[in-house]
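Architecture at a glance
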Amino acid sequence: CILVRTLRIERSTSKDPVGFEQCVEKDLQHTEGQLQMEEFPLHNFQATYLRFIIKSAFDHFVSVHRVMAEGT
């Protein structure tokens, strides 16, 4: 992403995307003119749905370039 200040990740384990609970919230470093790349290792973690909430930014506009989730 670019220019994201605070990011929250929530999960739902329901059949439908309801009942989300917070997993992690993190303040990201400002990387002038470069992509912000972060990993959030979550052990013993189950989710059917993930929700990414950008709570604050370093500017009026942000961009998200890639989201990857790996697991079994």
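Shown above is the structure to which this text applies.
The structure contained in this document is the topic of the report that follows. (Residues numbered from 1 in each chain as written. Predicted model: local features only at pLDDT ≥ 70, side-chain atom pairs only at ≥ 80, totals over all residues. Heavy atoms only, no water.)

Observations concerning the overall build of the chain
- Regarding its fold elements, the chain presents zero helices and three strands.
- Ordered by position in the sequence, the α and β elements of the chain form the string β-β-β.
- Its C-alpha atoms give the chain principal-axis dimensions of roughly 40 × 20 × 15 Å.
- Looking at the chain as a whole, 17% of its 72 residues qualify as buried.
- Considering only residue pairs separated by 6 or more positions, the chain has 65% of its internal contacts joining residues 24 or more positions apart. (Helix = DSSP H or I, 4+ residues; strand = E, 2+ residues; numbered from the N terminus. Buried < 20%, exposed > 50% of the residue type's maximum accessible area, 1.4 Å probe, protein only. Contact = heavy atoms within 4.5 Å.)

Let's talk about the pairing of strand β1 (residues 4-12)
- By the criterion of burial, β1 is predominantly enclosed, with eight of the nine residues buried.
- Note: β1 against strand β3 (residues 49-57), eight bridges, orientation antiparallel. Following the sheet pairing, Leu 7 is matched in β3 by Ile 54.
- One ladder, built from six bridges, connects β1 with strand β2 (residues 21-27); its direction is antiparallel. Each bridged residue has a counterpart across the sheet, and for Glu 10 the counterpart in β2 is Gln 22. (Pairing = 2+ DSSP bridges.)

Here's the deal with the pattern of salt bridges
- Evaluated as defined, the whole model comprises six salt bridges.
- Close ionic contact of Arg 11 with Glu 21 constitutes a salt bridge, the shortest N to O distance being 2.8 Å. Taken together, the positions of Arg 11 in strand β1 and Glu 21 in strand β2 put the pair ten residues apart, joining distant regions of the chain.
- With relative accessibility at 40%, the residue Glu 21 sits in the partly exposed group.
- In this structure, the salt-bridge partner of Glu 25 is Lys 55, at a minimum N-O distance of 3.4 Å. Here Glu 25, found in strand β2, pairs with Lys 55, found in strand β3; they are 30 residues apart in sequence, far enough to count as distant.
- Owing to a relative accessible area of 34%, Glu 25 belongs among the partly exposed residues under this scheme. (Salt bridge = Lys/Arg side-chain N within 4 Å of Asp/Glu carboxyl O.)

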